[in-house]
Amino acid sequence: MDRRTRRQSAPKLLRLAPTPGERAHICQGLVPGGDQDRMVLIAVMLDYSHAVWTEFCVADDDAALPEVLEHAWDFFGGSPRTWLFETMAPIEPRVLDLARRCKAIARLVALHDGVCWGEWALRSVPPWLLLQSLLRDLDAANRILHGVCLEMLERDHPQMLDRRVHEVLDEERICLRPAGAP
């Protein structure tokens with residue numbers, strides 16, 4: 001078999017456009033955290049609407065990720081069917097329990113073609129929010145970050161150029177699942 005034939009017979013990678021309520025990308029990154037604790041910034045981004053929720057928390061807090069996810073699902077108006085964790089391994093049991101309650105699937109993903117939506121969401125946070133003096137008061141920093149998330153809803157959608165992110169999120173909310181209660 002010659003080279004050209006082998007290349008033609010290789011399966012093609014099929015890329016589908018995201019559908020409403022299908023996926024969220026979840027990523028975390030270390031940030032400078034003042035004098036005492038290491039801090040992380042967790043970003044959750046819906047694949048279809050590009051709505052973003054970000055929140056600061058202490059790196060070693062086991063309850064932080066499930067709490068951040070609950071805040072994100074409240075902000076978005078529900079949970080998508082699949083949660084893709086880009087930079088975290090393994091998935092914590094509390095997160096898996098929350099996924100079961102939300103009737104969602106939690107998966108680790110490998111990056112393909114250098115696309116990392118969660119990292120993109122982390123880079124969208126204004127650099128001045130990472131000042132150590134601000135991060136000493138997590139509640140105040142997260143209130144400011146909540147305002148940034150609301151501002152991001154007013155941006156133009158990157159693929160639907162005639163619409164804003166909040167308009168696409170309104171459409172997506174119909175397809176999101178109610179966040180599970182214990």
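Small disclaimer: the values here were computed from a predicted structure and weren't measured.

(A) View of the overall build of the protein. Regarding its fold elements, the protein presents seven helices and five strands. In the protein, which comprises 182 residues, the share counted as buried stands at 42%. Within the protein, residue pairs in contact and separated by at least 24 positions form 59% of the contacts whose partners lie at least 6 positions apart. Here the protein has roughly 10400 Å² of accessible surface; of this, 54% comes from carbon and sulfur atoms.

(B) Summary view of unusual backbone geometry. Although it is not a glycine, His 50 adopts a positive phi angle of roughly 65°. Of note, His 50 is situated in the loop between strand E2 (39–46) and strand E3 (52–58). In this structure His 50 comes out as buried when scored by relative accessible area, which is 7%. Of note in this structure, Lys 103 is not a glycine but carries a positive phi near 55°. The residue Lys 103 is located in the loop between helix H3 (93–101) and strand E5 (105–108) in this model. Lys 103 gets classed as exposed once you look at its relative accessible area, which sits at 62%.

(C) Structural detail: the packing of aromatic side chains. Inspection of every chain in the model, using the stated rule, returns four aromatic pairs. Three or more aromatic residues link up through ring pairs in this structure, and these residues are Trp 53, Trp 73, Phe 75, Phe 76 and Trp 83.

(D) Structural context of helix H7 (residues 165–173). Among all positions of H7, only Val 165, Val 168, Leu 169 and Glu 172 are buried. End-on, the buried residues of H7 take up no more than an arc of 105°, which puts them together on one face. As for H7, its buried residues are in contact with E2, helix H2 (64–76) and helix H6 (138–152).

Rules used throughout
- Residues numbered from 1 in each chain as written.
- Predicted model: local features only at pLDDT ≥ 70, side-chain atom pairs only at ≥ 80, totals over all residues.
- Heavy atoms only, no water.
- Helix = DSSP H or I, 4+ residues; strand = E, 2+ residues; numbered from the N terminus.
- Buried < 20%, exposed > 50% of the residue type's maximum accessible area, 1.4 Å probe, protein only.
- Contact = heavy atoms within 4.5 Å.
- Areas by Shrake-Rupley, 256 points an atom, 1.4 Å probe, with all protein chains shown as cover.
- Phe/Tyr/Trp six-rings, centres within 6.5 Å; stacked < 30°, edge-to-face > 60°.
- Arc of directions from axis to C-beta.

This is a description of form; function is not addressed.
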